[in-house]
Amino acid sequence: TRMLSHDLLLLFWLQLVALLVTARALGALLRRIGQPAVVGELAAGLLLGPSLLGQLAPETQAWLFPRDPVQEGMLAAVGWVGAFLLLIVTGYETDLRLIRRLGSATARVSVASLVIPVLVGVAVGFAMPASFLGPGAERTVFALFMGVALGISALPVIAKVLSDLGVMRRNVAQIIVAAAMANDLAGWVLLGVVAGLAQSGHVDVQGLAFTAVGLTAFVLFAFGPGQRVVDALLRGERVRRSGALGAGSTMVLTGLAAGAMTHAIGLEAVFGAFIAGIVLGRSRHQEQEAFAALHTVTTAFLAPLFFAAAGLRVDLTLLAEREVWVWGLVVLVAASGSKLVGAWLGAWLAGLPRRERLAIGAGLNARGAVEIVIATVGLPMGVPSRVSYTVIVRRAMVPSMRAPPLLRAALSGWRGSREERERLERERRLGQNVLVRPLPVLLPSHGGPNSVLAAQLIDLAWPEETEAVVLSAGDAPEADVQRVSGAFVRRPVRRETVRSRDPLAAILEHAALGYGAIAVGATDARVEGRLISPLVDDLLSASPVPVVM
């Protein structure tokens, strides 16, 4: 009865209003002056928590955010839903192909910018006073946790900063994003290991082996059978034409199922959400409308609540103590310096110019959202104390504010290599073509010579990373269809065959599965009463996407 009382619910709604209004207002203000919105959203929690409101009006702060387990649990539940969806969105935007495509430069930057900060973080964790450890935390587990906290980057913050600067397609920006992806992937894996160690209460080989085996099994399942299950579910939603509502439900349910699986094997549920987001983003039947809706709800409502609630747990008055202030400065310098040195060293080994080394070091130092999630995950596990939690959150905010001006300074006037300038100009011209969208192109074909010509033209006109799907909707000779597929030489090609008495229906059903355009070779002979032919005319009138003929 107490959990559903009128007063408790009224206070809960007032808490949501206060946090969301303040977070959105401060986030908009920070964006206006060129800073990430997450800094303002965190500052909302600082303003309404013990750091400011608790000092200016302690009675008001205690009434609005009382130390009541039920009240705190209700607010924490909403915040964790925000963190969960934020990790799905982050995983969805993670492109594993990008890491492979940029090759050795990305590998060197990724490894150096992760290993050096992790080692420094572990060393700092072993050196910090016992008051920074959570209740009952083992020193080795705490040191590993500090290594993860210092080694992680923040892909959403970095991507937003690069996008705001208009340099996302620059080579250096692609390396920064790919290295951040690799850092985040490794960081979440390491956090899963730390969580398993924290729950076992001590470091033991058997527990570590169980965590490692469970993690390996989950990842193999996710990118193997799990990927096929997700593809089938999203394909079914497209065939049923359920739109963003059906695809959005599938996305959220996939994330929840993955989170439940990782939680069941002793890892954090947010790690499962992150992997689920990657699997959803890799699906060829993904629905951009559904992702846009999920992204909007997350970034406009749930994520700001999560970060504001995280700020409520921070008490900056703790930094007034000399020991906390000194170690907070040590952590800040160690984290920023080790990430900068690691990124610089990796870029130097990759032979990148000095300006790009500076930009990579500044970009990867933007931690923001992800480091705060890491700290928030660690707090209930009892690994960091409230003092070290405050130090980590403060450490996440400062470099995130520093990254945009440093990136602007590093890239100001830097145009890159001749190859890069030519690529950017080519992409600019392609961007003016309304048909060239980053979705696969469908080429229905019976294997005729006009289909070969259509394939050759599509191969020249579309960006190389765009996939082509040759659809044989009938009894076309295998050699003829193979000749059409062979006309594509610059892009990935996939063959699909359907047996249908109604080729038009088969083509339209496939077109609804997420294509950017349909390419067809027109028949040589005109048909009386038709513009081209019965099939092509009906396709032109019924196709849900542009038709290139």
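First, a word on scope: everything that follows refers to the structure included in this document. (Residues numbered from 1 in each chain as written. Predicted model: local features only at pLDDT ≥ 70, side-chain atom pairs only at ≥ 80, totals over all residues. Heavy atoms only, no water.)

**Regarding the overall build of the protein chain**
Part 1 of the reasoning: Counting its regular elements, the protein chain contains 24 helices and five strands.
Part 2 of the reasoning: Nonlocal contacts in the protein chain, meaning residues at least 24 apart in sequence, comprise 81% of its contacts between residues at least 6 apart.
Part 3 of the reasoning: Surface exposure of the protein chain reaches about 24,200 Å², of which carbon and sulfur atoms provide 64%. (Helix = DSSP H or I, 4+ residues; strand = E, 2+ residues; numbered from the N terminus. Contact = heavy atoms within 4.5 Å. Areas by Shrake-Rupley, 256 points an atom, 1.4 Å probe, with all protein chains shown as cover.)

**Considering the environment of Ile-88**
Part 1 of the reasoning: Looking at the secondary structure, you find Ile-88 in helix 5 (residues 69–92).
Part 2 of the reasoning: Residue classification places Ile-88 among the buried residues on the basis of a relative accessible area of 0%.
Part 3 of the reasoning: Each C-alpha atom, one on Ile-88 and one on Val-270, is 8.3 Å from the other, the two residues being 182 residues apart in sequence.
Part 4 of the reasoning: With residues near it in sequence (within four places) discarded, Ile-88 still touches Met-251, Gly-255, Ala-273, Gly-277, Leu-280 and Leu-294. (Buried < 20%, exposed > 50% of the residue type's maximum accessible area, 1.4 Å probe, protein only.)

**Some details on the packing of helix 7 (residues 103–127) against helix 8 (residues 139–151)**
Part 1 of the reasoning: Where helix 7 contacts helix 8, the two axes come as close as 7 Å, and the packing angle between them is 145°. The interaxial crossing formed by helix 7 with helix 8 has right-handed handedness. Residues Ser-113, Leu-114, Pro-117, Val-118, Val-120, Gly-121, Val-122, Gly-125 and Phe-126 of helix 7 lie in contact with helix 8, whose contacting residues are Arg-139, Thr-140, Phe-142, Ala-143, Leu-144, Met-146, Gly-147, Leu-150 and Gly-151.
Part 2 of the reasoning: Of the residues assigned to the contact of helix 7 with helix 8, the class counts are eleven nonpolar, six polar and one charged. (Axes fitted to C-alpha atoms, helices over the stretch in contact; angles between N-to-C directions. Left-handed = near helix turned anticlockwise from the far one by under 90°. Nonpolar A, V, L, I, M, F, W, Y, C, P; charged D, E, K, R; others polar.)

**A short note on the pairing of strand 3 (residues 493–497)**
Part 1 of the reasoning: Side chains Arg-494 and Glu-496 project from strand 3 onto a buried face, and the interleaved Val-493, Arg-495 and Thr-497 project onto a face without burial.
Part 2 of the reasoning: Two elements, strand 2 (residues 468–472) and strand 3, share five bridges in a ladder whose sense is parallel. Considered in strand 3, the bridge of Leu-471 is made with Glu-496. (Pairing = 2+ DSSP bridges.)

**Looking at the sheet that holds strand 4 (residues 517–519)**
Part 1 of the reasoning: Pairing within the open sheet is parallel, and its five strands lie in the order 3-2-1-4-5. For this open sheet the edge positions go to strand 3 and strand 5 (547–548), each flanked by a neighbour on one side alone.
Part 2 of the reasoning: Alignment of strand 4 against strand 5, held across two bridges, turns out to be parallel. Bridge pairing in strand 5 places Ile-518 opposite Val-547.
Part 3 of the reasoning: Each of strand 1 (441–444), strand 2 and strand 3 touches helix 22 (residues 478–486); the most contacted strand, strand 3, lies at about 150° to it.
Part 4 of the reasoning: Against the sheet, helix 23 (residues 503–511) touches strand 1, strand 2, strand 3 and strand 4, its axis set at about 170° to strand 1.

**Remarks on the environment of Arg-415**
Part 1 of the reasoning: Considering the arrangement of structural elements, one finds Arg-415 in the loop between helix 19 (386–411) and helix 20 (418–431).
Part 2 of the reasoning: Looking at Arg-415, the relative accessible area reads 58%, which means it is exposed.
Part 3 of the reasoning: Linking Arg-415 and Arg-170, residues 245 residues apart in sequence, is a C-alpha distance of 8.9 Å.
Part 4 of the reasoning: Ignoring sequence-local partners within four residues, the contact set of Arg-415 consists of Arg-170, Glu-420 and Arg-421.

**Digging into a nonpolar patch on the surface**
Part 1 of the reasoning: Residues Trp-325, Val-326, Leu-329, Val-330 and Val-333 make up a contiguous nonpolar surface patch of about 410 Å² in total accessible area.
Part 2 of the reasoning: As for its position among the elements, Val-333 is in helix 16 (residues 322–349). (Patch = residues over 30% accessible without salt bridge, like charges linked within 9 Å, V, L, I, M, F, W, Y side chains within 5 Å. Salt bridge = Lys/Arg side-chain N within 4 Å of Asp/Glu carboxyl O.)

**Overview of the packing of aromatic side chains**
Part 1 of the reasoning: One pass over the structure, following the stated rule, counts four aromatic pairs.
Part 2 of the reasoning: Seen in terms of ring centroids, Phe-12 and Trp-13 are 5.0 Å apart; in terms of plane orientation they differ by 55°. Their pairing is tilted.
Part 3 of the reasoning: Measuring from centroid to centroid gives 4.1 Å for Tyr-92 and Phe-291, while their planes differ by 10°, and the two rings are stacked. Taken as a pair, Tyr-92 in helix 5 and Phe-291 in helix 15 (residues 288–312) lie far apart in primary sequence, 199 residues in all. The residues Tyr-92 and Phe-291 share a single accessibility class, namely buried.
Part 4 of the reasoning: Through successive ring pairs, a cluster of aromatic residues spans Trp-80, Phe-306 and Phe-307.
Part 5 of the reasoning: Between Arg-357 and the ring centre of Trp-344, over which it is positioned, the NZ or CZ distance is 5.0 Å. (Phe/Tyr/Trp six-rings, centres within 6.5 Å; stacked < 30°, edge-to-face > 60°. Lys NZ or Arg CZ within 6 Å of the ring centre and 35° of its normal.)

**As for the pattern of salt bridges**
Part 1 of the reasoning: Under the defined criterion, the tally for this structure stands at seven salt bridges.
Part 2 of the reasoning: Taking the shortest distance from any N to any O, the salt bridge between Glu-72 and Arg-67 comes out at 3.9 Å.
Part 3 of the reasoning: Owing to a relative accessible area of 38%, Glu-72 belongs among the partly exposed residues under this scheme.
Part 4 of the reasoning: According to the relative accessible area criterion, Arg-67 is exposed, its value standing at 70%.
Part 5 of the reasoning: Two residues, Arg-494 and Glu-496, come together in a salt bridge whose shortest N-O distance is 2.3 Å.
Part 6 of the reasoning: In this structure, a network of salt bridges that share partners links the residues Glu-467, Arg-494 and Glu-496.

**Re the environment of Leu-234**
Part 1 of the reasoning: For Leu-234, the location among the structural elements is in helix 12 (residues 225–239).
Part 2 of the reasoning: On the accessibility criterion, Leu-234 (3% relative accessible area) is buried.
Part 3 of the reasoning: In the structure, Leu-234 is positioned 279 residues away from Leu-513 in sequence and 8.6 Å away in space, judged by C-alpha atoms.
Part 4 of the reasoning: Beyond its immediate sequence surroundings of up to four residues, Leu-234 is in contact with Ala-247, Thr-250, Leu-280, Ser-283, His-285 and Gln-286.

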